[in-house]
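Observations on the three-dimensional arrangement
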Amino acid sequence: MKSLKFNFASRAGFVFAAAALAASAAFAGGTHGGGHHEESPIGEPGVAAKVTRTIEVDAADSMRFTPSNVSVKKGETIRFVIKNSGKVPHEFSLGTEKELKEHYEVMKKFPTMEHEEPNKISLKPGKQGEVIWRFTKPGVVNFACLHVGHYEAGMKGQVNVAAN
C-alpha cells in the first residue's frame with residue numbers, strides 16, 4: 001500500500017480552503033433551516049446594471065486609502081474602483097469592524113491569501129479592480145486592507161450610509 005505524505009502547509013491550506021468554501025456557501029445561501037432570511041448588516045453584492053455611482057479609491061503604500069471616508073444613501077449600488085498605486089499587495093475588504101478583525105486574524109495565519117469575492121478584492125502592485133456593492137441599511141460599513149501590518153498601520157476607512 002502506498003503511503004501519502006502531506007506537509008503541514010498543504011493540510012492547513014486544504015482545511016482553510018474547505019472552511020472558506022463552506023462559509024461562502026452559507027453566505028451565498030442567505031437562508032437557513034427555519035426559512036427566514038438573515039440580511040447582512042453591510043448590504044449585499046450589487047448588480048453592475050444597477051450601479052448608481054462609481055467611487056475611485058487609491059490604495060497606497062502609505063497604508064492609507066484615498067478617500068478613507070465615503071458617503072452613500074441607503075439603497076445605492078456603488079462601483080468601487082480600487083487602484084493599488086503602491087509597490088506591495090493591498091486589498092479592499094468591506095465588512096463590519098468585527099468581521100474585518102476576525103478575517104485579519106485569519107490573514108495573519110495565511111498571509112498570502114488572495115480574494116476576489118463580492119465584498120473584497122486583492123490587488124497586486126499597480127493593478128486595479130472593482131467591488132460592486134448595494135448598501136441596504138443606514139449606518140457605517142467599514143473597509144480595510146487586511147494584509148498583515150496594514151490594518152494596524154491605519155489602512156482602513158468607512159462608508160457612511162444615510163437613511164435617505
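Up top is the structure.
Residues numbered from 1 in each chain as written. Predicted model: local features only at pLDDT ≥ 70, side-chain atom pairs only at ≥ 80, totals over all residues. Heavy atoms only, no water.

Okay, the overall build of the chain next. What the chain contains, in helices and strands, is two helices and eleven strands. Its helices and strands in sequence order give the chain the pattern α-β-β-β-β-β-β-α-β-β-β-β-β, from N to C terminus. Burial statistics for the chain: of 164 residues in total, 36% are counted as buried. Here the chain displays about 9800 Å² of accessible surface, and carbon together with sulfur accounts for 57% of that area. (Helix = DSSP H or I, 4+ residues; strand = E, 2+ residues; numbered from the N terminus. Buried < 20%, exposed > 50% of the residue type's maximum accessible area, 1.4 Å probe, protein only. Areas by Shrake-Rupley, 256 points an atom, 1.4 Å probe, with all protein chains shown as cover.)

Oppositely charged side chains may form a pair once their charged atoms are brought near each other. Using the criterion set out here, one finds eight salt bridges in the structure. Two residues, E76 and R53, come together in a salt bridge whose shortest N-O distance is 3.1 Å. In this pair, E76 is assigned in the loop between β4 (69–73) and β5 (77–84) and R53 in strand β2 (residues 53–60), connecting sequence segments 23 residues apart. Note on E76: relative accessible area 14%, which makes it buried. Its salt-bridge partner being E117, residue K120 comes within 3.7 Å of it at the nearest N-O pair. Taking relative accessible area as the criterion, E117 reaches 35% and is therefore assigned partly exposed. Three or more residues are tied together by salt bridges with common partners; here these are E105, K108 and E152. (Salt bridge = Lys/Arg side-chain N within 4 Å of Asp/Glu carboxyl O.)

The next subject is the nonpolar core. With 24 residues, the main nonpolar core has F80, I82, F92, L94, F135 and V159 as its most contacted residues. Counting only elements with at least two residues in this core, the list comes to β2, β4, β5, β6 (90–95), β8 (120–123), β9 (128–134), β10 (139–144) and β11 (156–162). Excluding residues within four positions of it along the chain, F80 makes contact with I55, V57, F92, L94, G129, E130, V131, F135 and V159. Residues L100, Y104, A144 and L146 belong to the second largest nonpolar core, which totals six residues. (Core = buried A, V, L, I, M, F, W, Y, C linked by side-chain atoms within 4.5 Å. Contact = heavy atoms within 4.5 Å.)

Under the criterion given, the structure shown has six aromatic pairs. Ring plane angle 80° and centroid distance 6.2 Å describe the contact between F80 and F135, whose orientation is recorded as edge-to-face. Taken together, the residues span a long stretch of sequence, with F80 in strand β5 and F135 in the loop between β9 and β10 at a distance of 55 residues. Residue F80 is classed as buried on the basis of its relative accessible area of 0%. Centroid distance F92 to F143: 5.1 Å. Interplanar angle 35°. Geometry classified as tilted. With F92 in strand β6 and F143 in strand β10, this residue pair connects regions lying 51 residues apart in the sequence. Note on accessibility: F92 and F143 belong to one class, buried. Clustering of aromatic rings is evident, with ring pairs tying together F65, F80, F92, F135 and F143. K156 extends its terminal NZ or CZ atom over the ring of Y151, reaching a point 4.3 Å from the ring centre. (Phe/Tyr/Trp six-rings, centres within 6.5 Å; stacked < 30°, edge-to-face > 60°. Lys NZ or Arg CZ within 6 Å of the ring centre and 35° of its normal.)

Read these as geometric descriptors, not functional statements.
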